[in-house]
Amino acid sequence: MIRTGRTGRGYALRGAAVVAVVAMAGVTAGCKEQPATSASAAPSAPAGSSSPADDAKPGDGYASPSASAKPKEPVKASPKPSATRTTPAPDPQGTVLMASGAEGKQVRELQARLRQIGHFDRNPTGYYGTVTVAAVQSFQGKRGLARTGKTDTVTWQKLLGMTHEPTATELNPPTTRPVAKPDKRCLTGRVICISKNSRTLSWMIDGKVVSSMDVRFGSQYTPTREGTFSVYWKSRHHVSTIYHTAMPYAMFFSGGQAVHYSSDFAARGYNGASHGCVNVRDEGKIAALFAAVRTGDKVVVYK
């Protein structure tokens, strides 16, 4: 009996061990073999999370999303890039004929034509300065052209088509400022008579006006001296030793102060000032005056 009891208890123990091993094997097999597409066996994903298939590119090896998932839109192929231009496009406004710094008869004609249609508000000077650049930009903007400020072939042809050939008076008009009544000191002899109030210069011989021209003076810090003087030195191609600027047709009358042509005055008008000299902006007129004036001729500067 005792042997039989031991045997029964031993079998019972061995049986219980076998059952436990089988049960553990079942649990392990269940985790390992869980189907990726089984909705009933897979645990629920947290709200807002995505499975690997939701952001995977086609062919990445992830499993397909379940039938209940929203299908993704097909990926569109990127358009092919256009062929790269290998040769530069031609300038749509053609060749540049005139630009800042140019001087001469064609510049004077350009200014006269621009003035005819209201883009240049002063007398032609023959110098392509900042005022002319702004006038050309204004014209180009009104005509739908690039506002370069340079006179190219397209800009020039459009301007020619809208204007007439300038007359001699339009190209070289008389002074735009009314000439002042001459000071009594100007009524005898050969005199360069200069009025600060009217900003004009008159070349007079024995009380008669031979020619007149616009002038400007020094600033309040470098004023042009007033009084009666005489021309003591003429220098056709003078360059200032103090400011290193050109002073063509210079006629010195008081220390370093002289009557001379100013390209800056021609370009900017009365927006600028001299360092005390009497600036003339019409080169043709100052050239004629320089040729006529002699050393010792009188200079009168008055208000």
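My aim in this report is to walk through the structure given alongside it, one point at a time.

Rules of the game
- Residues numbered from 1 in each chain as written.
- Predicted model: local features only at pLDDT ≥ 70, side-chain atom pairs only at ≥ 80, totals over all residues.
- Heavy atoms only, no water.
- Helix = DSSP H or I, 4+ residues; strand = E, 2+ residues; numbered from the N terminus.
- Contact = heavy atoms within 4.5 Å.
- Buried < 20%, exposed > 50% of the residue type's maximum accessible area, 1.4 Å probe, protein only.
- Arc of directions from axis to C-beta.
- Polar contact = N/O pair within 3.5 Å; in protein donor to acceptor, adjacent residues only side chain to side chain.
- Disulfide = S-S within 2.5 Å.
- Core = buried A, V, L, I, M, F, W, Y, C linked by side-chain atoms within 4.5 Å.

1. Re the side chain of Gln140
Residue position: Gln140 is located in helix α3 (residues 130-142). Gln140 has contacts with Gln93, Leu145, Ala146, Arg147, Thr148, Gly149, Lys150, Asp152 and Thr155, leaving out every residue within four places of it along the chain.

2. Some remarks on helix α4 (residues 153-162)
For α4, the set of buried residues is Thr155, Trp156 and Leu159. All buried residues of α4 project into a common sector of 95 degrees when viewed along the axis, lining one side. The outward face of α4, more than 90 degrees from its buried face, is lined by the exposed residues Gln157 and Gly161. In this structure, the buried residues of α4 make contact with β1 (96-98), α2 (105-116), α3 and β2 (151-152). Its side-chain oxygen placed 3.2 Å from the backbone nitrogen of Val154, Asp152 serves as the N-cap of α4.

3. Here we look at the side chain of Ser198
Within the fold, Ser198 resides in the loop between β3 (190-195) and β4 (200-205). Polar contacts involving the side chain of Ser198 include one to the side chain of Ser195, which spans 3.1 Å. In terms of polar contacts, Ser198 uses its side chain to reach the side chain of Thr200, at 2.6 Å. With sequence-adjacent residues up to four places away left out, Ser198 is seen in contact with Arg177, Pro178 and Ala180.

4. Description of the state of the cysteines
Here a disulfide denotes one covalent bond, and it connects the sulfur atoms of two cysteines. If you walk through the whole model with that rule in mind, you get one disulfide. Here Cys186 connects covalently by a disulfide to Cys193, the sulfurs 2.1 Å from one another. Handedness here is read from the sign of the S-S torsion; for Cys186 and Cys193, about 80 degrees, the answer is right-handed. Residues Cys186 and Cys193 agree in their burial class; the two are buried.

5. Quick notes on the nonpolar core
Of all hydrophobic cores here, the largest spans 25 residues; its most connected members are Ile192, Ile194, Met251 and Val259. Residues within four places of Ile192 in sequence aside, it is in contact with Leu201, Ser202, Trp203, Val231, Met251, Val293, Lys298, Val299 and Val300.

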